[in-house]
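# What the coordinates show
Listed below, chain by chain, are the residues.
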Amino acid sequence: MQSRPQNLLITGASSGVGFETALHLAEHPENRVFALARSEQRLQDLRTRSNGRISTLVFDLTKDKAAGLVTWLNESGVEALHGLVHNAGFLVNRSFADITEAELELSYRTNLMAPFRITQALLGHLRAANGAHVLHISSVGGVQGSVKFPGLSAYSSSKGALSVLTECLACELEQDNIRVNCLALGAVQTEMLNQAFPGYTAPMGPEEMAKCVAWMLCEGHRYFNGKILPASISTP
Ligand SMILES: NC(=O)c1ccc[n+]([C@@H]2O[C@H](COP(=O)([O-])OP(=O)(O)OC[C@H]3O[C@@H](n4cnc5c(N)ncnc54)[C@H](OP(=O)(O)O)[C@@H]3O)[C@@H](O)[C@H]2O)c1
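Only a predicted model underlies this, so the values are computations on that prediction, with no experimental measurement involved.

Each helix and strand counted, the protein has eight helices and seven strands in total. Compactness check: the protein gives a C-alpha radius of gyration of 17 Å against a globular reference of 18 Å for 236 residues, within 12% of the reference. Residue burial in the protein is summarised as follows: out of 236 residues, 53% are buried. Considering only residue pairs separated by 6 or more positions, the protein has 73% of its internal contacts joining residues 24 or more positions apart. Carbon and sulfur atoms provide 53% of the accessible area of the protein, an area that totals close to 11200 Å².

Written out as structure tokens, the structure reads:
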């Protein structure tokens, strides 16, 4: 049971799992939710759907400086950040032989480097929460030993790196009372799934997975640290 006001930040909140998770988190009256994405229009929709309870920032994870987030939170009066969800993702579905340098770079910038740099930039706010939780959203494809699919080498390898970063940070940030976990999602019916597996119907929609992500963010660190947990009921 949540007992104190929580400041929560989520990336990739303009569609799919991130959009629904932001809404779910904002249902709790004690939560202040901060949401990022590139699409101003979709972020406007998010603000409208939450009756203005979600603060949004147009932010490109591959271009904008993480320091801008620090400024934004400070100007919003946020001293401590209790939860941070690295949900945004970029997927290219192309054969290994044909993946371009730009696609490889976008994959790693969005899926690995942005979470790395943002957590780094927000360490002061996370430490100030004295019990913060950083949650990485990875993919089952980014888990060692899982079934792999052609065309997803850049995506899955970048998500695999994010999974291992979870273990590294859980160890290194323990002294700051910051816990770090990773949910490796299975198929959810979103725009990204359509790119990865055109024509495939997932067993659940983003509203359902959002409940899992929101629970994990707010409660999961009471039970887990440094864990890579598959949240999946299908293959793919
Ligand atoms: N759906 C699945 O089956 C599935 C399976 C495994 C893992 N996942 C993971 O779950 C997470 C959510 O995916 P989803 O399925 O909900 O996908 P989605 O609907 O395509 O949403 C992706 C989100 O990431 C944001 N984003 C992408 N590039 C960005 C950038 N450069 N800067 C800022 N934001 C950016 C997008 O916003 P803008 O375009 O507005 O910037 C959007 O809000 C991802 O990390 C994905 O890898 C999904």
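On to the site of the ligand, then. What surrounds the ligand is a group of 29 residues, the closest being Ser14, Arg38, Asn87, Tyr155 and Thr190. In this structure, serine 14 approaches the ligand through a side-chain N or O atom, which is 2.8 Å from an oxygen atom. Valine 188 places a polar main-chain atom, nitrogen or oxygen, 2.8 Å from an oxygen atom of the ligand. If you list the elements that add at least two residues to the shell around the ligand, you get helix H1 (16-26), strand E5 (133-139), helix H6 (153-172) and helix H7 (191-196). Broken down by class, the residue content of the shell around the ligand amounts to 13 nonpolar, 13 polar and three charged.

This part covers the pairing of strand E1 (residues 6-10). Within E1, five of the five residues are buried, leaving the element largely enclosed by the surrounding structure. In terms of strand pairing, E1 meets strand E2 (residues 31-37) through five bridges, oriented parallel. Looking at E2, one finds that leucine 9 is bridged to phenylalanine 34. With H1 bridging E1 and its parallel neighbour E2, the resulting β-α-β unit is right-handed. As judged from the three bridges shared by E1 and strand E4 (residues 83-86), these two strands associate in the parallel manner.

The next point concerns the nonpolar core. The biggest cluster of nonpolar side chains holds 31 residues, and the ones touching the most others in it are Leu9, Leu84, Ile118, Leu122, Leu126 and Ile178. Among the secondary structure elements, those contributing two or more residues to this core are E2, helix H3 (67-75), helix H4 (101-121), helix H5 (123-129) and H6. Residues in contact with leucine 9, not counting those within four places in the same chain, are Phe34, Ala35, Leu36, Trp72, Leu81, Gly83, Leu84, Val85 and Leu122. In terms of nonpolar packing, the next biggest core, distinct from the first, is built from 29 residues, Ile10, Leu135, Ala214 and Cys218 among them.

Here the focus is the side chain of serine 50. Tracing the sequence through the fold places serine 50 in the loop between helix H2 (40-49) and strand E3 (54-58). Polar side-chain contacts of serine 50 include one of 3.1 Å to the backbone oxygen of arginine 47. A polar contact is formed between the side chain of serine 50 and the backbone nitrogen of isoleucine 54, at a distance of 3.2 Å.

Moving on: unusual backbone geometry. Glycine aside, the phi torsion of most residues is negative, and most peptide linkages are trans. Geometrically, the link from threonine 235 to proline 236 is a cis peptide bond, its omega value of 5° lying close to zero. Relative to the helices and strands, proline 236 resides in the segment after strand E7 (228-231). Even without a glycine there, the phi angle at asparagine 51 is positive, about 55°. If you trace the backbone, asparagine 51 turns up in the loop between H2 and E3. Of note in this structure, asparagine 130 is not a glycine but carries a positive phi near 50°. Position of asparagine 130 among the secondary structure elements: in the loop between H5 and E5. Classification of asparagine 130 as exposed rests on a relative accessible area of 54%.

The interhelical angle for the contact between H1 and helix H8 (residues 206-219), taken along N-to-C directions, is 60°, at an axis separation of 8 Å. Taken together, the axes of H1 and H8 are oblique relative to one another. You can see that H1 and H8 cross each other, and the crossing is right-handed. Note on element contacts: H8 touches H1 through Pro206, Glu207, Met209, Ala210, Lys211, Val213, Ala214, Leu217 and Cys218, opposite Gly16, Val17, Glu20, Thr21, His24 and Leu25. For the contact of H1 with H8, the residue count by class is nine nonpolar, three polar and three charged.

Definitions and cut-offs
Residues numbered from 1 in each chain as written. Predicted model: local features only at pLDDT ≥ 70, side-chain atom pairs only at ≥ 80, totals over all residues. Heavy atoms only, no water. Helix = DSSP H or I, 4+ residues; strand = E, 2+ residues; numbered from the N terminus. Rg over C-alpha atoms; globule rule 2.2 N^0.38 Å. Buried < 20%, exposed > 50% of the residue type's maximum accessible area, 1.4 Å probe, protein only. Contact = heavy atoms within 4.5 Å. Areas by Shrake-Rupley, 256 points an atom, 1.4 Å probe, with all protein chains shown as cover. Near = heavy atom within 4 Å. Polar contact = N/O pair within 3.5 Å; in protein donor to acceptor, adjacent residues only side chain to side chain. Nonpolar A, V, L, I, M, F, W, Y, C, P; charged D, E, K, R; others polar. Pairing = 2+ DSSP bridges. Right-handed = clockwise from strand over helix to strand, strands pointing away. Core = buried A, V, L, I, M, F, W, Y, C linked by side-chain atoms within 4.5 Å. Axes fitted to C-alpha atoms, helices over the stretch in contact; angles between N-to-C directions. Parallel < 35°, antiparallel > 145°, perpendicular 65-115°, else oblique. Left-handed = near helix turned anticlockwise from the far one by under 90°.

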